[in-house]
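Residue-level listing of the chains:
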Amino acid sequence: MINVDENTITAAVLEQQANCPNPRLKQIMTSLICHLHDFAREVRLTEGEWEQGIDFLTRVGHITDDKRQEFILLSDTLGLTMLVNAQNNQKPPQCTESTIFGPFFVENAPLFENGGDITNGARGEPCRVSGSVRGLDGQGIPHAEVQVWQCDEDGFYDVQYPELDQAQCRGQLATATDGSFSFHSVLAQAYPIPHDGPVGQMLELLGRHPWRPAHLHFMIKAPGYQTLITHIFRDGDPYLESDAVFGVRSSLIADWKQIPGTGSDSGTATCHELNVDIVLNPVSATTTRNNHKTLEATP
Ligand code: BEZ
Ligand code: FE
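Residues numbered from 1 in each chain as written. Chains lettered and ligands numbered in written order. Predicted model: local features only at pLDDT ≥ 70, side-chain atom pairs only at ≥ 80, totals over all residues. Heavy atoms only, no water.

- As named in an unreviewed UniProt entry, the chain is Putative hydroxyquinol 1,2-dioxygenase, taken from Pseudomonas fluorescens.
- Under the heading Sequence similarities (unreviewed entry), UniProt records this for the chain: "Belongs to the intradiol ring-cleavage dioxygenase family."
- In its Cofactor (unreviewed entry) section, UniProt records this for the chain: "Fe(3+)". (UniProt positions renumbered as here; feature names shortened; annotations may be inferred.)

Structural data, given as structure tokens:
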């Protein structure tokens, strides 16, 4: 097609991909092109604004490397990550809900026995976490893999300290035969997402803050169950209602109890206790279809 104008350009692009052999890719790209063109028409995008957008995406690309993923941070802050999470993780209401993964998970975290201390020198008020991993029938799931990671009292994860070469406040353990688990750590605090790059500038220009409410990350795996990636949030945190990445679910907010007789009044370090009861969703025909990449070229 020649002589395209602002109304015929959409059909012209769709015509050129009419023979796409992958129906899912064709569906996604058709919708993307239609929405992108409608967006530009709706806001009457100027050439200067288009250039600013390209410059922004270029800066997002330049700051991205194997340690920092600014594109995912952009998706997180635009609500796209949680939208995709929500529409792909529907399950029975008794099951523990999933939420955003975040950039601070590390493979092969140190292994701990139940009751172990994952702190490894991180600063913070002591906190004991205990809980259980169960199925929908309420039975404890033995030997489930429980991975946990969190920030220290300054709101930083171990991987954010360039000089630190050991894991702190992260680890993996297995549930006991009755599905229970426990470990010692420090009290997680609210922290800002990395905001020294283009996504941080975007938040500032939009009058948004970069903070996440205090939380503990979990990834739980057990044969026959869907892997669960979730957080437990601290009740009372001022950022629960305005999480910069929209990850809070009311079912994931828990009371982190302060143990009486600890803290400044008594002259001892404040101790906290958290109980987490996790319910996993069994794998079914519908759930196994999720989370597979569908856009690769067919061989
Ligand atoms: C996190 O909770 O670790 C996180 C999630 C999304 C963006 C940044 C951090
Ligand atoms: Fe986090």
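**Notes on the side chain of H37**
Line of reasoning, step 1. Checked against the element boundaries, H37 lands in helix α2 (residues 23–43).
Line of reasoning, step 2. With relative accessibility at 18%, the residue H37 sits in the buried group.
Line of reasoning, step 3. Setting aside residues up to four positions removed in sequence, H37 forms contacts with I9, T10 and V13. (Helix = DSSP H or I, 4+ residues; strand = E, 2+ residues; numbered from the N terminus. Buried < 20%, exposed > 50% of the residue type's maximum accessible area, 1.4 Å probe, protein only. Contact = heavy atoms within 4.5 Å.)

**What about the pattern of salt bridges?**
Line of reasoning, step 1. Counted under the stated rule, the structure contains 10 salt bridges.
Line of reasoning, step 2. Among the salt bridges present, the one from E70 reaches R68, with a minimum N-O distance of 2.8 Å. For the pair E70 and R68, one class covers both residues: buried.
Line of reasoning, step 3. The shortest N-O distance in the salt bridge between E97 and R249 comes to 3.9 Å. On the criterion of sequence distance, the pair formed by E97 in the loop between α5 (80–88) and β1 (116–117) and R249 in the loop between β9 (228–234) and β10 (253–254) is long-range, its members being 152 residues apart.
Line of reasoning, step 4. On the accessibility criterion, R249 (21% relative accessible area) is partly exposed.
Line of reasoning, step 5. Overlapping salt bridges bring together R68, E70 and D196 as one network. (Salt bridge = Lys/Arg side-chain N within 4 Å of Asp/Glu carboxyl O.)

**Observations regarding the UniProt feature "domain: Catechol dioxygenase N-terminal" (unreviewed entry) in the chain**
Line of reasoning, step 1. Look at the UniProt record and you will see "domain: Catechol dioxygenase N-terminal" (unreviewed entry) annotated at residues 22–95.
Line of reasoning, step 2. Helix makes up 74% of residues 22–95 and strand 0%, and the two end C-alpha atoms of the span are 35 Å apart.

**Focus on the sheet that holds strand β5 (residues 180–186)**
Line of reasoning, step 1. Pairing is mixed in the open sheet, where five strands are placed in the order β1-β5-β2-β12-β11. The open sheet has two edge strands with one neighbour each: β1 and β11 (257–258). (Pairing = 2+ DSSP bridges.)

**What about the coordination of the iron ion (ligand 2)?**
Line of reasoning, step 1. Around the iron ion (ligand 2), the protein supplies Y157 (OH), Y191 (OH), H215 (NE2) and H217 (NE2) as donor atoms, at distances of 1.9 to 2.1 Å.
Line of reasoning, step 2. Considering all six donor atoms around the iron ion (ligand 2), the spread of angles at the metal, 53 to 164 degrees, places the coordination shape in the irregular class.
Line of reasoning, step 3. Look at where the donors of the iron ion (ligand 2) fall in the sequence and you get Y-x33-Y-x23-H-x1-H. On the criterion of sequence distance, the pair formed by Y191 in strand β6 (residues 191–192) and H217 in strand β8 (residues 215–221) is long-range, its members being 26 residues apart. (Donors = N, O, S within 2.8 Å, 3.2 Å for Na, K, Ca; no water. Tetrahedral: all angles 85-135°; square planar, octahedral: opposite > 155°, others 65-115°.)

**Notes on the sheet that holds β10**
Line of reasoning, step 1. Pairing within the open sheet is mixed, and its five strands lie in the order β4-β3-β8-β9-β10. Each end of this open sheet is capped by a strand with a single partner; those strands are β4 (170–174) and β10.
Line of reasoning, step 2. Of the pairings in the sheet, the one linking strand β3 (residues 145–149) to β8 comprises five bridges and is antiparallel in character. Paired with W149 across the two strands is H217, which belongs to β8.

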